[in-house]
Amino acid sequence: MGSRKCGSCLSSLLIPLALWSIIVNILLYFPNGQASYASSNKLTNYVWYFEGICFSGIMMLAVAAVLLVLENDNNYKCCQSENCSKKYMTLLSMIFSALGIAFSGYCLVISALGLLQGPYCRTLDGWEYAFEGTAGRFLTDSREWVQCLEPAHVVEWNIILFSILIALSGLQVIVCLIRVVIQLSKTLCGTYSVIIQPGII
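Note that the structure is a prediction, hence the values are computed from the model and not measured. (Residues numbered from 1 in each chain as written. Predicted model: local features only at pLDDT ≥ 70, side-chain atom pairs only at ≥ 80, totals over all residues. Heavy atoms only, no water.)

Caption draft 1: Spotlight on the overall build of the protein. Within the protein one finds 5 helices and 2 strands. A total of about 10,800 Å² of accessible surface is found on the protein, and carbon and sulfur atoms cover 68% of it. (Helix = DSSP H or I, 4+ residues; strand = E, 2+ residues; numbered from the N terminus. Areas by Shrake-Rupley, 256 points an atom, 1.4 Å probe, with all protein chains shown as cover.)

Caption draft 2: Inspection of the pairing of strand 1 (residues 120–123) at higher detail. Covered by surrounding structure in strand 1 are C121 and T123 only, the residues Y120 and R122 on the alternate face being uncovered. Where strand 1 and strand 2 (residues 126–129) come together, 4 bridges link them in antiparallel fashion. Paired with Y120 across the two strands is Y129, which belongs to strand 2. Between strand 1 and the antiparallel strand that follows it, strand 2, lie 2 residues. (Buried < 20%, exposed > 50% of the residue type's maximum accessible area, 1.4 Å probe, protein only. Pairing = 2+ DSSP bridges.)

Caption draft 3: Seen up close, the UniProt feature "transmembrane region" (unreviewed entry) in the protein. Per the UniProt annotation, the sites labelled "transmembrane region" (unreviewed entry) are residues 12–31, 46–70, 91–116 and 159–182. This span, residues 46–70, is 80% helix and 0% strand, and a straight line between its end C-alpha atoms measures 34 Å. Between the C-alpha atoms that bound residues 159–182 there is a distance of 34 Å. The span itself is 100% helix and 0% strand. (UniProt positions renumbered as here; feature names shortened; annotations may be inferred.)

Caption draft 4: View of the state of the cysteines. Considering all chains together, one arrives at 1 disulfide under this definition. Between the sulfur of C121 and that of C148 lies a disulfide, 1.9 Å long from S to S. Judged by the sign of its S-S torsion, about -60 degrees, the cystine formed by C121 and C148 is left-handed. Remark: C148 occurs in the loop between strand 2 and helix 5 (154–188) and C121 occurs in strand 1; sequence separation between them is 27 residues. (Disulfide = S-S within 2.5 Å.)

Caption draft 5: A look at a nonpolar patch on the surface. A contiguous nonpolar patch, built from Y88, L91, L92, I95 and L99 and spanning about 430 Å² of accessible area, is present on the exposed surface. Note on placement: Y88 falls in helix 4 (residues 82–117). Y88 gets classed as partly exposed once you look at its relative accessible area, which sits at 44%. (Patch = residues over 30% accessible without salt bridge, like charges linked within 9 Å, V, L, I, M, F, W, Y side chains within 5 Å. Salt bridge = Lys/Arg side-chain N within 4 Å of Asp/Glu carboxyl O.)

Caption draft 6: Geometry of the packing of helix 3 (residues 51–71) against helix 5. Where helix 3 meets helix 5, the axes come as close as 12 Å, and the angle between the chain directions of the two elements is 25 degrees. By the angle class used here, helix 3 and helix 5 are roughly parallel. Considering how the two elements wind past one another, helix 3 and helix 5 form a crossing that is left-handed. Contacts between helix 3 and helix 5 involve E51, G52, S56, M60, L67 and E71 on the former and, on the latter, F162, L165, Q172, C176, R179 and Q183. The residue makeup of the contact of helix 3 with helix 5, split by class, is 5 nonpolar, 4 polar and 3 charged. (Axes fitted to C-alpha atoms, helices over the stretch in contact; angles between N-to-C directions. Parallel < 35°, antiparallel > 145°, perpendicular 65-115°, else oblique. Left-handed = near helix turned anticlockwise from the far one by under 90°. Contact = heavy atoms within 4.5 Å. Nonpolar A, V, L, I, M, F, W, Y, C, P; charged D, E, K, R; others polar.)

See below:
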């Protein structure tokens, strides 16, 4: 019962993390609060991967919903034996937790690449990736940020939002990993191995 409550809490935690990922990813489309750059396709290319909206957002909401259903005491029994049914529920829970790791891990990787690449901005040479060849060194040297003339404060905007996405997707990965460990411990430790059939005793 304790592991079931723990699993439900972890699944519930995925919901606010997914909602915040969607919000943060949407904000990336409006550097400095302006929509004109998105309409003219003057955004960092990694923004168009929809990593926060789709993968660590909508997909993770779906994963969380399925996991909460699987943790429900009144879920459908797939076979006559209670032991058999619980084993199937555990297997499905592990599969969807693994999917959660894949979805949030994808967002984590894309967000990290977007952070290291830097923003697409207007410099003295025109619109370009001003820090693409710096391997992320600009992140620790704010003096280089003045190369981006437009949008205003776009470097800070990208750093903050991509960092938040990395943190959110990283937490999602951790939560799903914990769920996998819990389910594996149930299976390996034989939680469902002993079932007393009515009428035997």
